[in-house]
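Survey of secondary and tertiary structure
Residue strings, one per chain:
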Amino acid sequence: EGGETAALAFLDHLAQHPATATRLMTRLCVRFVADEPPASLIEKLAKVYLDSKTAIAPVLRALFTSPEFAASVGQKVRTPFEDLAATVRVLGLAPEATGVAALDALYNMLVDAGNAPLRWGPPNGFPDVAAAWASPSAFLMRCNSHLNLAAGWYPKQLKRPTDLLRSLVPVLPTTYGALV
């Protein structure tokens, strides 16, 4: 009797523990700022986390408005999964009306890139450091994926906008330089 109340109180205690705050803020900073984030930012965010009784919105506001976040441009690299999702989104691609061949093809692209969902063996999740995803072969694989998707070569089953160029560039510039 009272076990559920005790368990919830214990979880509240763990959530508000300084070590939990430091661990969570380290993970957020590694994700959004740098592979080795500044300790000062981690400490600042941990304080915000604890002061706001574990509410995440104030933490994210502090993170995304920090000078360290603003200075982190170019330090992180998208994972292949994030890159593929962004590419499909910007090109306006959609799965075919019936069947899952296109989704299977996209999944296999992620298998080839080493970042397919549920394919990481260890229980620690995919690496969240730039070095894991920033090799020359990974860059070439991304370029080929972008070309295949934009040109409509693979997977062919994806539904595409009627006029892909018009959907990406509604008004054509007068020079090639302006287009680029």
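Please refer to the structure higher up on the page.
For clarity, every value in this text was computed on a predicted model and none was experimentally measured.

1. Remarks on the packing of aromatic side chains
Taken as a whole and assessed by the stated rule, the structure comprises four aromatic pairs. On the basis of an interplanar angle of 45 degrees and a centroid distance of 5.2 Å, the ring pair of W120 and F126 is categorised as tilted. Classification of F126 by relative accessible area gives partly exposed; the value is 25%. Each residue in the set F32, F64 and F69 is aromatic and connected to the rest through ring pairs, giving one cluster. Sitting over the ring of F32, R31 keeps its end group 5.9 Å from the ring centre.

2. Quick notes on a nonpolar patch on the surface
Taken together, the side chains of L8, F10, L11 and L14 make up a nonpolar region of the molecular surface, amounting to roughly 380 Å² of accessible area. Tracing the backbone shows F10 in helix α1 (residues 3–15).

About the thresholds
Residues numbered from 1 in each chain as written. Predicted model: local features only at pLDDT ≥ 70, side-chain atom pairs only at ≥ 80, totals over all residues. Heavy atoms only, no water. Phe/Tyr/Trp six-rings, centres within 6.5 Å; stacked < 30°, edge-to-face > 60°. Buried < 20%, exposed > 50% of the residue type's maximum accessible area, 1.4 Å probe, protein only. Lys NZ or Arg CZ within 6 Å of the ring centre and 35° of its normal. Patch = residues over 30% accessible without salt bridge, like charges linked within 9 Å, V, L, I, M, F, W, Y side chains within 5 Å. Areas by Shrake-Rupley, 256 points an atom, 1.4 Å probe, with all protein chains shown as cover. Salt bridge = Lys/Arg side-chain N within 4 Å of Asp/Glu carboxyl O. Helix = DSSP H or I, 4+ residues; strand = E, 2+ residues; numbered from the N terminus.

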